[in-house]
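# Coordinate analysis (summary)
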Number of protein chains: 2
Amino acid sequence: MSKPRGPYAKTSAKRQQIIDAALAAYAEAGSRNVSLRDIAQRVGMTYAGVMHHFGSKEALLTAVLEARDAVAEERFGPEPGTTELLSSAVLRHNASTPGLVKLFVDLVAAAAEPDHPAHDFFEQRYERFRGRLAERIERSVADPAEVDAAWLARIFIAAADGIQLQWLLDPDIDMAADIERLGGLLVGPHWAAGSVGSAGSAGEGPTPDAPEGARPASS
Amino acid sequence: MSKPRGPYAKTSAKRQQIIDAALAAYAEAGSRNVSLRDIAQRVGMTYAGVMHHFGSKEALLTAVLEARDAVAEERFGPEPGTTELLSSAVLRHNASTPGLVKLFVDLVAAAAEPDHPAHDFFEQRYERFRGRLAERIERSVADPAEVDAAWLARIFIAAADGIQLQWLLDPDIDMAADIERLGGLLVGPHWAAGSVGSAGSAGEGPTPDAPEGARPASS
DNA sequence: GTCTATATTAAGATAGAC
DNA sequence: GTCTATCTTAATATAGAC
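About the cut-offs
- Residues numbered from 1 in each chain as written.
- Chains lettered and ligands numbered in written order.
- Predicted model: local features only at pLDDT ≥ 70, side-chain atom pairs only at ≥ 80, totals over all residues.
- Heavy atoms only, no water.
- Helix = DSSP H or I, 4+ residues; strand = E, 2+ residues; numbered from the N terminus.
- Buried < 20%, exposed > 50% of the residue type's maximum accessible area, 1.4 Å probe, protein only.
- Contact = heavy atoms within 4.5 Å.
- Areas by Shrake-Rupley, 256 points an atom, 1.4 Å probe, with all protein chains shown as cover.
- Domains from an automatic or database assignment.
- Buried area = accessible area lost by both parts, 1.4 Å probe.
- Salt bridge = Lys/Arg side-chain N within 4 Å of Asp/Glu carboxyl O.
- Near = heavy atom within 4 Å.
- Polar contact = N/O pair within 3.5 Å; in protein donor to acceptor, adjacent residues only side chain to side chain.
- Nonpolar A, V, L, I, M, F, W, Y, C, P; charged D, E, K, R; others polar.
- Core = buried A, V, L, I, M, F, W, Y, C linked by side-chain atoms within 4.5 Å.
- Expected span 1.5 Å × (residues − 1).
- Axes fitted to C-alpha atoms, helices over the stretch in contact; angles between N-to-C directions.
- Parallel < 35°, antiparallel > 145°, perpendicular 65-115°, else oblique.

Across its full length, chain A carries 9 helices and 0 strands. Among the 219 residues that make up chain A, the fraction classed as buried is 54%. Across chain A, every contact between residues at least 6 apart in sequence was considered, and the portion connecting residues at least 24 apart equals 68%. As displayed, chain A has an accessible area near 9,700 Å², and 52% of this comes from carbon and sulfur atoms.

This brings us to the domain arrangement of chain A. Residue and element names in this part refer to chain A. Assigned domains of chain A: these are domain 1 (1–55) and domain 2 (79–219). Contact with domain 1, which involves 5 residues of that partner, is made by 6 residues of domain 2. The contact between domain 1 and domain 2 buries some 470 Å² in all, and 71% of this surface belongs to carbon and sulfur atoms. When the area that domain 1 buries against domain 2 is broken down by residue, the three leading residues are L23, Y26 and S31, summing to 75%. At the surface where domain 1 touches domain 2, the tally comes to 0 salt bridges.

Here we take up the pattern of salt bridges. Taken as a whole, this structure holds 17 salt bridges over all chains when the rule is applied. In this structure, A:R130 engages B:D170 in a salt bridge whose closest nitrogen and oxygen atoms are separated by 3.9 Å. Taken together, the residues A:R130 in helix α7 (residues 119–140) and B:D170 in the loop between α8 (149–169) and α9 (175–187) connect one chain to another. The same class applies to A:R130 as to B:D170, namely buried.

Here the focus is the protein's contact with DNA strand C. Neighbouring DNA strand C are 15 residues; A:Y47, A:K57, B:T11, B:T46 and B:H53 lie closest to it. Sugar and phosphate atoms represent 57% of those atoms of DNA strand C found within 4 Å of the protein. At a separation of 3.3 Å, a base nitrogen of DNA strand C approaches a polar side-chain atom of A:R37. Here a base nitrogen of DNA strand C sits 2.8 Å away from a polar atom, N or O, in the side chain of A:Y47. Counting only elements with at least two residues in the surface near DNA strand C, the list comes to α2 (36–42) and α3 (47–54) of chain A together with α1 (9–29) and α3 (47–54) of chain B. Among the elements that take part in the surface near DNA strand C, α3(B) stands out by supplying 4 residues, more than any other. Residue classes in the surface near DNA strand C are distributed as 5 nonpolar, 7 polar and 3 charged.

This paragraph deals with the nonpolar core. Generally speaking, soluble globular proteins have nonpolar side chains that are buried together. By size, the foremost hydrophobic cluster in this structure holds 126 residues, and its most contacted members are A:I39, A:L60, A:F122, B:I39, B:L60 and B:F122. In contact with B:I39, not counting residues within four places along its chain, are B:I18, B:A21, B:A22, B:A25, B:Y26, B:V34 and B:L60.

Taken together, 14 residues form the shell around DNA strand D, and within it A:T11, A:H52, A:H53, B:Y47 and B:K57 come nearest. The protein-proximal atoms of DNA strand D, defined as those within 4 Å of the protein, are 58% sugar or phosphate. Contact distances for DNA strand D include 2.6 Å between a phosphate oxygen and a side-chain N or O atom of A:H53. No other element matches α3(A), which puts 3 residues into the surface near DNA strand D.

So, about helix α6 (residues 98–110) of chain A. Residues and elements named next belong to chain A. For α6, built from 13 residues, the straight-helix expectation of 18 Å at 1.5 Å per residue is met to within 8% by its first-to-last C-alpha distance of 18 Å. Among the 13 residues in α6, 11 count as buried, and that is most of the element. When we look at burial in α6, the residues that qualify are G99, L100, V101, K102, L103, F104, V105, L107, V108, A109 and A110.

The interface is formed by 45 residues belonging to chain B together with 45 residues belonging to chain A. Between chain B and chain A the total buried area reaches about 3,800 Å² when both faces are included, carbon and sulfur atoms providing 61% of it. It is B:R32, B:W151 and B:L169 that lose the most area in chain B upon contact with chain A, and together they represent 20% of the buried surface on that side. Counting every contact that joins chain B to chain A gives 12 residue pairs in polar contact (both at pLDDT 80 or more). Looking at the side of chain B that touches chain A element by element, the count peaks at 13 residues for α8(B). Taken together, the residues that form the side of chain B that touches chain A break down as 24 nonpolar, 6 polar and 15 charged.

What follows covers the packing of helix α5 (residues 87–94) of chain A against helix α9 (residues 175–187) of chain A. All names here are of chain A. Where α5 meets α9, the axes come as close as 8 Å, and the angle between the chain directions of the two elements is 170 degrees. Considering their axes alone, α5 and α9 lie roughly antiparallel with respect to each other. Within the contact between the two elements, α5 uses S87, S88, L91, R92 and N94 and α9 uses M175, A176, I179 and E180. The class makeup of the residues in the contact of α5 with α9 is 4 nonpolar, 3 polar and 2 charged.

Rendered as structure tokens:
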């Protein structure tokens, strides 16, 4: 997956370089006003050169989001479920990169079309995150039989996505605090016991280092 | 506001005709593959003719969403706050028009950009809906001092928006049931006492006629 | 005042030279 | 693997007919 040996090493490096440039472009400019020509210029290439590596703009943007996921996966390790509970820390980090949040919303909206290149990616991504979160919820409550973990997972991810939508229009909204509070209310004090401060508190806990690309289902 | 007398009557009619055509186009095709030329063709006009009436594509699309809001406002009457409680009925209706849901998500994502033509529209729309919902929540609970109505409004609208995002990718999700259940859990049995069945139940209540364009903050 | 016709600009996609 | 050149489509602006 990382650093392939062989004739593709150079290509892979270029790809990563382009992805980084795209990431930077969206972080700075927001998703409007970002063309493939802009991105190409950042890496000292032409538009056609970028197209050669990704085939289409949508493929490149999907690769950008995949790259963020990969980074998150690496940081949190293989233990399933725990990453999702960090969502308030993630939202806190996302608040510093509105361009990337916008990229996510833009792409997921476009990917709703069944024949969109990124459709399968997002479908599987949501499925995966819902499954993991549900599993983690079941293990964190006293009596798993009393909660509908699948429903809770859907709702929680929905709230996280939706609050980012509102935040994009009104940056004064404290996304992380709102979601943390919801977690405390929905699954009780066990929520986020792993690393974030106690639920219900709206203060900004320590949360050592919010990883670059970790989030439950929203960018 | 409606049916102006004078020289603009014909223009106004044309505008409405175009809006209806755009609505139909999005309902059928989804938001990709819909160009202003498609819409123009539906009303027997050229692209430039449509442009004359709206000035830009974004202005037209905003007008479409405004028109839906206007219809909802008319149906529900002036009583503030009650409309929002119908959201599960609205979501049930929205489930039949994925193209329009996609239009909403597409536009709101684009409108996150501060200089986007529809930015102010969405900003005010969310502000308005949050205010109304918060007010209604305060009146529906036993002790208003014990709930943070503003937070509940943000979270509830966020969940409604977010669940539609998931539904676009997985139509098997029962948006209305999920949100109804959340309402019952967050603000208790008083929730949706107006017209929808008792909260917490995932069944599909009667909800006589879901109006064309009513929804709290999502399309 | 309302619309058609046309031109310009920009972006994504493709073909083929090197 | 990278680039030049070209094609297609969409958005925008303008001129002028009725």
